[in-house]
There are 2 protein chains.
Amino acid sequence: MINFPFNCPFELTLELIGGKWKGLILWHLHDKKVLRNGEMLRLIPRITQKMLTQQLREMEENGLIRRVIYEQVPPKVEYSLTPHGEAIRPILEMMIDWGVEYARDKNIVIACTQEKD
Amino acid sequence: MINFPFNCPFELTLELIGGKWKGLILWHLHDKKVLRNGEMLRLIPRITQKMLTQQLREMEENGLIRRVIYEQVPPKVEYSLTPHGEAIRPILEMMIDWGVEYARDKNIVIACTQEKD
DNA sequence: ATATATAGTTACCTTTTGGTATGTACAGTA
DNA sequence: TACTGTACATACCAAAAGGTAACTATATAT
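The structure reproduced in this document is the subject of the present report. (Residues numbered from 1 in each chain as written. Chains lettered and ligands numbered in written order. Predicted model: local features only at pLDDT ≥ 70, side-chain atom pairs only at ≥ 80, totals over all residues. Heavy atoms only, no water.)

**A few points about the interface of chain B and chain A**
Heads up, the condition is: Two residues form a contact once any of their heavy atoms are found within 4.5 Å. When two parts are brought into contact, each loses some accessible area as probed by a 1.4 Å sphere; the total of that loss over both is the buried area. Put simply, a salt bridge is a Lys or Arg side-chain nitrogen that is within 4 Å of an Asp or Glu carboxyl oxygen. Think of a polar contact as two N or O atoms within 3.5 Å of one another; within protein, one of them needs to be a possible hydrogen donor and the other a possible acceptor, and neighboring residues in sequence only count if both atoms come from side chains. By definition, any uninterrupted DSSP run of H or I lasting at least four residues is a helix, any uninterrupted run of E lasting at least two residues is a strand, and each is numbered from the N terminus. Think of it as three bins: nonpolar holds Ala, Val, Leu, Ile, Met, Phe, Trp, Tyr, Cys and Pro, charged holds Asp, Glu, Lys and Arg, and polar takes everything else, Gly as well.
Residue-level contacts link 46 residues of chain B with 46 residues of chain A. In total, about 4,200 Å² of surface goes out of reach between chain B and chain A, with carbon and sulfur atoms giving 73% of it. Summed over the three residues of chain B that lose the most area to chain A, namely B:Phe10, B:Met95 and B:Trp98, the buried surface amounts to 19% of that side. Connecting chain B to chain A are 0 salt bridges. Run the count over chain B and chain A and you get 12 residue pairs in polar contact (both at pLDDT 80 or more). Those elements that place two or more of their residues in the side of chain B that touches chain A are α1 (9-17), α2 (22-32), α5 (83-87) and α6 (89-106) of chain B. Counting residues per element, the side of chain B that touches chain A draws most heavily on α6(B), at 13 residues. Across the side of chain B that touches chain A, the residue classes tally to 30 nonpolar, 11 polar and 5 charged.

In C-alpha cells:
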C-alpha cells in the first residue's frame, strides 16, 4: 500500500485525505457514525457510484474506515470510522474553519449543503 | 482565480494547500519568516526550479504568500507569509502530528529532513 | 416473466498534475 | 570576451486523478 518516499509527514497525511471526495465522506461519517453506500450517495449528490466506491476502498485500505458486509440479499454494507479515521476530525474542522474564513474574506461562494455541526 | 463549485469549505482549503510541495514551502516560511528562491531550493533538495516557481505563484495568487522584488542585478526576490498564510500553521501542525502518529502505527518510513520545531 | 432494491464493476476517455531539459536576462568580474 | 550569480520561463512529455456510461448479481415481490 503506502510506500512512497514522503518528504514530510504532511505529504503522508495529504496522500490519505487528499482525494476529491474524502473530506466530505469522512465528515459525514463523523456526523452519522455509520453509513451505507446509498445513504452516502444521497448525502453527496454530485458524487458518482464509481468515485464513492473508489474513495471508500482507498480509505479502507489505508485504515481510515471500516467496511462491514452483511450477507443478505439485497446486499447491505456499512461503513464507519476506525480510530485513525476518528483522529482526523480536528484536522477536518480546522480546514473547514480556515476555508470558511478565507472564502468570506475573498468573497468565494461555496455550494455547500452541509453545515459544520 | 478561485471560481470552482466547491462542495464544502474543506475542498477549498485542499485546493489551496494540496499541491505536492506547498506544505513544505509553507512550513519553511513559518520557520524562517522570509526566504529567497535559492534558499528554498537548498532547503527542499528534491524540488525543481519549475515546481518551486509554480507552487509559489499559485500561493501568491491565492493570497497565502507575498513576493517582494528588489530591483537589483543579480535579482533579489523575497517570499513571506500573508495573514492567511500564517493562519494555515495550526493545520500544518495537526497534519504533521497525525501523519507522524499514523506512520508510527503503520511502520511507514518518512524521508524527512526537517523537524517540527 | 418482469421489475425492484442494493452495492457494486468495467471500459474508456479527459483533465490535471508533476517532471525533464533547456533557454533567457543582465550587470559585474576575470 | 567569456563566465558567474540569481531568478526565472518555456516546450514537451508521462503519470495520476477524475468522470461518463453501461453492465453485473441475486433473492423477493408482482
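**Thoughts on helix α2 (residues 22-32) of chain A**
All names here are of chain A. This is how the line gets drawn: Using a 1.4 Å probe on the protein chains alone, a residue whose accessible area is under 20% of its type maximum counts as buried, one over 50% counts as exposed, and one in between counts as partly exposed.
Of all 11 residues in α2, 9 are buried; the element is thus mostly enclosed. Among the residues of α2, those classed as buried are Lys22, Gly23, Leu24, Ile25, Leu26, Trp27, His28, Leu29 and His30. Residue Lys33 follows α2 closely and has a positive phi angle near 70°.

**Let's talk about the protein's contact with DNA strand C**
Heads up, the condition is: Note on terminology: near, applied to a residue and a molecule or strand, indicates that one of the residue's heavy atoms is within 4 Å of it.
Taken together, 21 residues sit near DNA strand C, with A:Arg36, A:Arg67, A:Tyr79, B:Lys20 and B:Lys50 positioned nearest. Among all atoms of DNA strand C positioned within 4 Å of the protein, those belonging to sugar or phosphate total 69%. Contact between DNA strand C and A:Val77: a phosphate oxygen at 3.4 Å from a main-chain N or O atom of the residue. Within the side chain of B:Trp21, one N or O atom sits 3.3 Å away from a phosphate oxygen of DNA strand C. Looking at the surface near DNA strand C, the elements with two or more residues in it are α3 (37-43), α4 (49-61) and β3 (76-81) of chain A together with α4 (49-61) of chain B. A total of 4 residues in the surface near DNA strand C trace back to one element, the largest contributor, which is α4(A). Grouping the constituent residues of the surface near DNA strand C by class yields 7 nonpolar, 7 polar and 7 charged.

**Looking at the relation of the copies chain B and chain A**
Related by rotation about an axis and a shift along that axis, the two copies of the chain form a pair. Heads up, the condition is: To line up the copies, we fit them by least squares on C-alpha atoms, keeping just the residues with pLDDT of at least 70 in both.
Laying chain B over chain A is done by rotating through 180° and shifting 0.0 Å along the axis; what remains is an RMSD of 0.1 Å. On this basis, the relationship between the two copies can be described by a two-fold rotation axis. When C-alpha distances to the rotation axis are compared across chain B, the minimum falls at B:Ile91, with a value of 3.2 Å. Comparing contact sets, 100% of the residues at the interface of chain B also lie at the interface in chain A, consistent with an isologous, same-surface contact.

**A closer look at the side chain of B:Asn7**
Considering the arrangement of structural elements, one finds B:Asn7 in the segment before α1. Within the structure, B:Asn7 has its side chain in polar contact with the side chain of A:Arg46 (distance 3.0 Å). A distance of 2.7 Å separates the side chain of B:Asn7 from the side chain of B:Glu11, its partner in a polar contact.

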